[in-house]
Amino acid sequence: MPEHVRPSTVLPALRTPFTFTTSDGLRLIGEIARPESVDQSTGILCLHPLPTHGGMMDSHIYKKAANRLPAMAGLTVIRFNTRGTTSEQGTSEGNFGLGITEKEDAIAAIEYSFTELKMKELWVVGWSFGTDLALKYARDSRVRGLILLSPPLRFSEPEDLTFWAKDGRRVIALVPEFDDYLKPDEARERFKAIPQTELIAVDSAKHLWVGEPFVYRVLSEIVRAIKPERLPLPTEI
(Lines give C-alpha, C1' and ligand atoms only; values in the text may rest on other atoms or scores of the structure.)
Protein backbone atom coordinates (compact mmCIF):
# COMPACT_ATOMS: atom_id res chain seq x y z
CA MET A 1 0.00 0.00 0.00
CA PRO A 2 1.46 3.43 -0.91
CA GLU A 3 2.79 5.63 1.89
CA HIS A 4 2.91 9.41 1.94
CA VAL A 5 6.32 11.01 1.52
CA ARG A 6 7.36 12.24 4.96
CA PRO A 7 10.23 14.39 6.26
CA SER A 8 12.06 11.18 7.19
CA THR A 9 11.59 9.49 3.80
CA VAL A 10 14.85 8.19 2.30
CA LEU A 11 14.60 6.79 -1.22
CA PRO A 12 17.19 4.61 -2.97
CA ALA A 13 20.34 6.27 -4.28
CA LEU A 14 24.06 5.64 -4.55
CA ARG A 15 25.44 7.71 -1.67
CA THR A 16 29.18 8.26 -1.35
CA PRO A 17 31.13 10.54 1.01
CA PHE A 18 34.01 12.48 -0.48
CA THR A 19 36.66 15.02 0.44
CA PHE A 20 38.36 17.67 -1.66
CA THR A 21 41.02 20.29 -1.08
CA THR A 22 40.79 24.02 -1.65
CA SER A 23 43.49 26.13 -3.27
CA ASP A 24 44.52 27.34 0.19
CA GLY A 25 44.99 23.78 1.43
CA LEU A 26 41.84 23.06 3.43
CA ARG A 27 40.19 19.64 3.36
CA LEU A 28 36.41 19.91 3.01
CA ILE A 29 33.91 17.07 3.39
CA GLY A 30 30.85 16.27 1.34
CA GLU A 31 28.50 13.62 0.00
CA ILE A 32 27.15 12.80 -3.45
CA ALA A 33 23.80 11.06 -3.93
CA ARG A 34 23.42 9.60 -7.43
CA PRO A 35 20.44 7.96 -9.16
CA GLU A 36 20.74 4.19 -9.27
CA SER A 37 19.59 3.42 -12.78
CA VAL A 38 19.75 6.51 -15.02
CA ASP A 39 22.38 8.94 -16.25
CA GLN A 40 24.19 10.40 -13.23
CA SER A 41 25.79 13.43 -14.84
CA THR A 42 22.97 15.95 -14.34
CA GLY A 43 22.37 17.50 -10.96
CA ILE A 44 22.89 20.21 -8.38
CA LEU A 45 25.68 21.48 -6.17
CA CYS A 46 24.26 22.80 -2.89
CA LEU A 47 25.70 25.84 -1.08
CA HIS A 48 24.31 25.84 2.44
CA PRO A 49 22.99 28.60 4.75
CA LEU A 50 25.10 30.60 7.20
CA PRO A 51 27.13 28.19 9.38
CA THR A 52 27.20 30.62 12.31
CA HIS A 53 23.39 30.24 12.42
CA GLY A 54 23.27 26.46 12.03
CA GLY A 55 23.65 26.17 8.25
CA MET A 56 25.41 23.05 6.95
CA MET A 57 25.20 20.43 4.23
CA ASP A 58 22.44 18.66 6.19
CA SER A 59 20.20 21.74 6.38
CA HIS A 60 16.80 20.20 5.85
CA ILE A 61 16.02 21.22 2.26
CA TYR A 62 19.36 19.86 1.08
CA LYS A 63 19.11 16.68 3.11
CA LYS A 64 15.63 16.02 1.69
CA ALA A 65 16.86 16.80 -1.81
CA ALA A 66 19.57 14.16 -1.38
CA ASN A 67 17.05 11.72 0.09
CA ARG A 68 14.49 12.12 -2.69
CA LEU A 69 15.64 13.69 -5.95
CA PRO A 70 17.96 10.93 -7.22
CA ALA A 71 15.03 8.50 -7.20
CA MET A 72 12.18 10.90 -7.93
CA ALA A 73 13.81 13.02 -10.62
CA GLY A 74 17.00 11.29 -11.73
CA LEU A 75 19.11 14.13 -10.37
CA THR A 76 22.47 13.86 -8.67
CA VAL A 77 22.72 15.91 -5.46
CA ILE A 78 26.14 17.12 -4.27
CA ARG A 79 26.44 18.64 -0.80
CA PHE A 80 29.45 19.77 1.22
CA ASN A 81 30.37 21.72 4.33
CA THR A 82 32.16 25.01 3.78
CA ARG A 83 35.26 25.74 5.85
CA GLY A 84 34.80 25.30 9.59
CA THR A 85 31.28 23.89 9.21
CA THR A 86 30.13 20.77 11.06
CA SER A 87 27.41 18.26 10.24
CA GLU A 88 26.70 14.61 10.97
CA GLN A 89 29.36 13.68 8.40
CA GLY A 90 32.05 15.63 10.22
CA THR A 91 33.78 19.02 10.12
CA SER A 92 35.48 20.72 7.21
CA GLU A 93 38.86 22.22 8.02
CA GLY A 94 39.37 25.93 8.53
CA ASN A 95 37.28 28.72 10.00
CA PHE A 96 34.27 30.72 8.85
CA GLY A 97 35.47 33.43 6.51
CA LEU A 98 32.57 35.92 6.42
CA GLY A 99 31.76 34.92 2.85
CA ILE A 100 35.23 35.97 1.67
CA THR A 101 37.51 32.96 1.99
CA GLU A 102 34.54 30.74 1.10
CA LYS A 103 35.34 31.79 -2.46
CA GLU A 104 37.97 29.06 -2.47
CA ASP A 105 35.42 26.51 -1.20
CA ALA A 106 32.87 27.28 -3.90
CA ILE A 107 35.43 27.31 -6.72
CA ALA A 108 37.01 24.05 -5.53
CA ALA A 109 33.61 22.34 -5.13
CA ILE A 110 32.59 23.28 -8.66
CA GLU A 111 35.89 22.07 -10.07
CA TYR A 112 35.65 18.81 -8.13
CA SER A 113 32.09 18.29 -9.37
CA PHE A 114 33.21 18.45 -12.99
CA THR A 115 36.64 16.83 -12.90
CA GLU A 116 36.22 14.12 -10.26
CA LEU A 117 32.46 13.55 -10.02
CA LYS A 118 32.12 13.79 -13.82
CA MET A 119 29.12 16.09 -13.90
CA LYS A 120 28.07 17.31 -17.34
CA GLU A 121 25.04 19.47 -16.51
CA LEU A 122 25.49 21.17 -13.15
CA TRP A 123 23.29 23.80 -11.53
CA VAL A 124 24.36 25.61 -8.37
CA VAL A 125 21.67 25.89 -5.71
CA GLY A 126 22.22 28.40 -2.93
CA TRP A 127 20.12 28.86 0.18
CA SER A 128 20.33 32.10 2.19
CA PHE A 129 24.09 32.69 2.75
CA GLY A 130 24.67 30.12 0.04
CA THR A 131 22.89 32.35 -2.49
CA ASP A 132 25.48 35.04 -1.91
CA LEU A 133 28.26 32.51 -2.43
CA ALA A 134 26.58 31.42 -5.66
CA LEU A 135 26.19 34.95 -6.99
CA LYS A 136 29.75 35.87 -6.07
CA TYR A 137 31.71 32.75 -6.89
CA ALA A 138 29.79 30.28 -9.09
CA ARG A 139 30.94 31.99 -12.29
CA ASP A 140 32.54 28.94 -13.88
CA SER A 141 31.30 28.87 -17.48
CA ARG A 142 30.40 25.18 -17.19
CA VAL A 143 27.70 25.91 -14.60
CA ARG A 144 24.28 25.93 -16.30
CA GLY A 145 22.62 28.42 -13.95
CA LEU A 146 21.73 29.41 -10.41
CA ILE A 147 18.74 28.50 -8.24
CA LEU A 148 18.53 30.83 -5.24
CA LEU A 149 16.44 29.96 -2.16
CA SER A 150 15.63 32.85 0.19
CA PRO A 151 18.30 35.19 -1.21
CA PRO A 152 19.13 37.95 1.30
CA LEU A 153 21.59 39.75 -1.02
CA ARG A 154 23.61 40.47 2.10
CA PHE A 155 27.16 39.70 0.95
CA SER A 156 26.67 40.15 -2.79
CA GLU A 157 28.07 43.34 -4.31
CA PRO A 158 26.61 45.30 -7.24
CA GLU A 159 29.37 43.98 -9.48
CA ASP A 160 28.26 40.41 -8.73
CA LEU A 161 24.77 41.18 -10.01
CA THR A 162 26.23 42.99 -13.01
CA PHE A 163 28.26 39.88 -13.88
CA TRP A 164 25.15 37.71 -14.09
CA ALA A 165 23.22 40.36 -16.00
CA LYS A 166 25.93 40.45 -18.67
CA ASP A 167 26.47 36.71 -18.58
CA GLY A 168 22.85 35.89 -19.40
CA ARG A 169 22.63 32.44 -17.83
CA ARG A 170 19.43 31.53 -16.01
CA VAL A 171 18.98 32.81 -12.48
CA ILE A 172 15.93 31.53 -10.61
CA ALA A 173 15.07 33.06 -7.23
CA LEU A 174 12.50 31.56 -4.84
CA VAL A 175 11.46 34.28 -2.39
CA PRO A 176 9.21 33.50 0.59
CA GLU A 177 6.27 35.82 1.25
CA PHE A 178 7.33 36.19 4.88
CA ASP A 179 11.10 36.09 4.46
CA ASP A 180 13.15 37.51 7.35
CA TYR A 181 15.52 39.45 5.10
CA LEU A 182 14.21 40.06 1.58
CA LYS A 183 10.50 39.85 0.82
CA PRO A 184 9.13 39.56 -2.73
CA ASP A 185 8.46 43.25 -3.45
CA GLU A 186 11.95 44.34 -2.43
CA ALA A 187 13.43 41.31 -4.15
CA ARG A 188 11.77 42.31 -7.43
CA GLU A 189 13.38 45.72 -7.21
CA ARG A 190 16.83 44.48 -6.32
CA PHE A 191 16.84 41.68 -8.88
CA LYS A 192 16.09 44.16 -11.65
CA ALA A 193 19.88 44.35 -11.75
CA ILE A 194 19.75 40.84 -13.30
CA PRO A 195 17.02 41.25 -15.93
CA GLN A 196 16.76 37.54 -16.76
CA THR A 197 15.98 36.59 -13.14
CA GLU A 198 12.96 34.33 -12.88
CA LEU A 199 11.60 35.46 -9.51
CA ILE A 200 9.08 33.14 -7.90
CA ALA A 201 7.24 34.54 -4.86
CA VAL A 202 6.00 31.70 -2.66
CA ASP A 203 2.87 32.51 -0.69
CA SER A 204 2.91 31.87 3.08
CA ALA A 205 6.50 30.62 3.02
CA LYS A 206 9.23 31.72 5.44
CA HIS A 207 13.01 31.91 5.15
CA LEU A 208 13.66 28.36 6.35
CA TRP A 209 10.97 26.63 4.23
CA VAL A 210 9.71 24.62 7.20
CA GLY A 211 6.82 22.28 6.46
CA GLU A 212 6.35 19.56 3.87
CA PRO A 213 4.27 21.71 1.46
CA PHE A 214 7.17 24.17 1.20
CA VAL A 215 9.77 21.42 0.86
CA TYR A 216 7.70 19.96 -1.97
CA ARG A 217 7.45 23.36 -3.65
CA VAL A 218 11.20 24.00 -3.47
CA LEU A 219 12.13 20.55 -4.76
CA SER A 220 9.53 20.87 -7.52
CA GLU A 221 10.96 24.21 -8.67
CA ILE A 222 14.47 22.74 -8.76
CA VAL A 223 13.22 19.89 -10.93
CA ARG A 224 11.16 22.26 -13.08
CA ALA A 225 14.36 24.15 -13.95
CA ILE A 226 16.46 21.10 -14.78
CA LYS A 227 14.22 18.14 -15.65
CA PRO A 228 10.66 19.42 -16.06
CA GLU A 229 9.61 16.16 -17.68
CA ARG A 230 9.91 14.51 -14.24
CA LEU A 231 7.12 16.62 -12.77
CA PRO A 232 4.95 16.32 -10.84
CA LEU A 233 7.05 14.81 -8.10
CA PRO A 234 5.29 11.94 -6.35
CA THR A 235 3.72 12.52 -2.96
CA GLU A 236 3.37 8.79 -2.27
CA ILE A 237 5.83 5.93 -2.57
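Everything below is about the structure printed above this text.
In this text, all values refer to a predicted model and were calculated from it rather than measured experimentally.

Caption draft 1: Quick look at the sheet that holds strand S4 (residues 76-80). Reading across the sheet, the eight strands line up as S1-S2-S4-S3-S7-S8-S9-S10 and stay open at both edges, with mixed pairing between neighbours. The open sheet is flanked by strand S1 (14-21) and strand S10 (198-206), the only strands paired with a single partner. Averaged over all adjacent pairs, the angle separating strand axes in this sheet is 20°, with direction ignored. The pairing of strand S3 (residues 42-47) with S4 spans four bridges and is classified as parallel. Residue pairing in the sheet places Leu 45 in a bridge with Ile 78 of S4. Relative to the sheet, helix H6 (residues 212-226) contacts S3, strand S7 (121-127), strand S8 (143-149), strand S9 (170-178) and S10, its axis offset from that of S10 by approximately 165°.

Caption draft 2: Region of interest: the pattern of salt bridges. One pass over the structure, following the stated rule, counts 17 salt bridges. For Arg 79, the salt bridge is made with Glu 31, and the minimal N-O distance between the two is 2.6 Å. Of this pair, Arg 79 sits in strand S4 while Glu 31 sits in strand S2 (residues 27-34), and the two are 48 residues apart along the sequence. For Arg 79, a relative accessible area of 0% puts it in the buried group.

Reading the values: rules and limits
- Residues numbered from 1 in each chain as written.
- Predicted model: local features only at pLDDT ≥ 70, side-chain atom pairs only at ≥ 80, totals over all residues.
- Heavy atoms only, no water.
- Pairing = 2+ DSSP bridges.
- Helix = DSSP H or I, 4+ residues; strand = E, 2+ residues; numbered from the N terminus.
- Axes fitted to C-alpha atoms, helices over the stretch in contact; angles between N-to-C directions.
- Contact = heavy atoms within 4.5 Å.
- Salt bridge = Lys/Arg side-chain N within 4 Å of Asp/Glu carboxyl O.
- Buried < 20%, exposed > 50% of the residue type's maximum accessible area, 1.4 Å probe, protein only.

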